[in-house]
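Below, each chain spelled out in residue letters.
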Amino acid sequence: MLRLLLLALPCLGGSVLAFPAQGTGAELVGIVGGRNAPAGQWPWQVSLRKFNKHKGQWTHRCGGSLVHPKWVLTAAHCVMLTTLKAWDVRVQVGHVRLYESNQLTRVAQIIRHPKYNDHLRAKGGADIALLKLEAPVALSQYVRPVPFPPASLSVPEMSCWVTGWGMIESNRPLPPPWNLQQVEVPIVSNERCRRQYQWVDISITEDMLCAGARLRDSCQGDSGGPLVCYMKSTWLQVGVVSFGHGCGLPNYPGIYARVSSYVPWIRQHVPLQP
Ligand code: ARG
């Protein structure tokens, strides 16, 4: 349990309470408002681990997505400390449950976006980073990279999906056996999102994307994970979980790094797939 509580630390707005589970035993399993993801449904989902000395265990800290057999996309704030070295981080691919296997993949290099600002953190934008794996992972029904969109993509106000092992409400960790959660979230236009966020002094910039609704959101521990939309008969990763004001609050959708804004940067590092 404690291990998941530690996740809340690097996140903004972690102290704002989301709506409680409405008394009546209305079961809230979820990211926020989500349900168990079946194995193989989101084969690009990655769990980013850091070693916890107290537990003597590689502990889940963030999400990520496989974008190439050798590359993982995540949030810059997940690998924020410049003192953090590649060997301090490992990833798990191909499992919907955390800790059911202890096969982790080593990371060879961490590349944070050069515009990510350590002081402003997620609020400053460019909350995106790449992890180069030591060796390519073996692809299968459960392990497959997610395509990313063309730089020109503008995401309409449609329904998309976000996945992760993060909190199911603010300060309420996902219980064992820690099955990956999925929730359908509506894309909110930047214009509307900007108006909603003006009251809490957060500016929504063009390289951010908003998605979510009351009781449908990502939360602490989901950061770095993928927001995907089914478009042109394929899943495309349009966002990386970044931050938000609380989780699942009405009129405060989750804020994501807009992947299409970073395609040229990703392409600079990640080769086209073999
Ligand atoms: N910063 C959080 C993390 O590190 C993600 C928060 C997402 N919040 C939201 N309301 N969608 O895991």
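Refer to the preceding data block for the structure.
No experiment lies behind these values; they were computed from the predicted model shown.

Visitor: Mind laying out the pairing of strand 12 (residues 234-243), listing which residues take part and the relevant values?
Guide: Of all the ten residues making up strand 12, eight are buried; the element is thus mostly covered by neighbouring parts of the structure. As defined by bridge partners, strand 11 (residues 226-231) adjoins strand 12 across six bridges and the pair is classed as antiparallel. Paired with Y230 across the two strands is W235, which belongs to strand 12. Here strand 11 hands over to strand 12 after two residues, with K232 in that stretch at a positive phi of 50°. Of the pairings in the sheet, the one linking strand 12 to strand 13 (residues 254-258) comprises four bridges and is antiparallel in character. Bridging across to strand 13, V241 finds its partner in Y256.

Visitor: Any details on the pattern of salt bridges? Residues and values, ideally.
Guide: Applying the stated criterion to the full structure yields four salt bridges. Between R172 and E169 there is a salt bridge, with the nearest N and O atoms lying 2.7 Å from each other. Note that R195 is salt-bridged to E191, the shortest N-O span being 3.6 Å. Of the two residues, R195 and E191 both sit in helix 2 (residues 190-197), four residues apart, roughly one turn of that helix.

Visitor: How would you sum up the sheet that holds strand 5 (residues 89-93)? Please name residues and give values.
Guide: Around the barrel, which closes on itself, the six strands sit in the order 2-3-4-7-6-5 with antiparallel pairing between neighbours. When strand polarity is set aside, the average angle formed by the axes of neighbouring strands in this sheet is 45°. Inspection of the sheet shows strand 3 (residues 57-68) paired to strand 4 (residues 71-74) by three bridges, in the antiparallel sense. By the bridge assignment for strand 4, L66 is matched with V72.

Visitor: For the side chain of S260, give the residues involved together with the corresponding values.
Guide: In this fold, S260 is placed in the loop between strand 13 and helix 3 (263-269). With relative accessibility at 6%, the residue S260 sits in the buried group. Once residues within four sequence positions are removed from consideration, S260 is found in contact with P149, P150, A151 and L153.

Visitor: I'd like to hear about unusual backbone geometry, residue by residue, with values.
Guide: Outside of glycine, negative phi angles account for most residues, and trans bonds account for most peptide bonds. Omega for the peptide link from P176 to P177 comes to 5°, which places this bond in the cis form. Tracing the chain through its elements places P177 in the loop between strand 8 (159-164) and strand 9 (181-188). Residues other than glycine seldom take positive phi values, yet A126 does so here, at roughly 50°. By secondary structure assignment, the location of A126 is in the loop between strand 6 (105-112) and strand 7 (129-133). The backbone phi angle of N171 is positive, close to 65°, even though this residue is not glycine. Residue position: N171 is located in the loop between strand 8 and strand 9.

Visitor: Describe in detail the environment of R106, supporting the description with residues and values.
Guide: Within the element layout of this structure, R106 appears in strand 6. Look at R106 and you get partly exposed, because its relative accessible area is 45%. Note: C-alpha distance between R106 and W87 (19 residues apart in sequence) is 7.0 Å. Contact partners of R106, with chain neighbours within four places excluded, come to R90, L133 and E134.

Analysis parameters
Residues numbered from 1 in each chain as written. Predicted model: local features only at pLDDT ≥ 70, side-chain atom pairs only at ≥ 80, totals over all residues. Heavy atoms only, no water. Buried < 20%, exposed > 50% of the residue type's maximum accessible area, 1.4 Å probe, protein only. Helix = DSSP H or I, 4+ residues; strand = E, 2+ residues; numbered from the N terminus. Pairing = 2+ DSSP bridges. Salt bridge = Lys/Arg side-chain N within 4 Å of Asp/Glu carboxyl O. Axes fitted to C-alpha atoms, helices over the stretch in contact; angles between N-to-C directions. Contact = heavy atoms within 4.5 Å.

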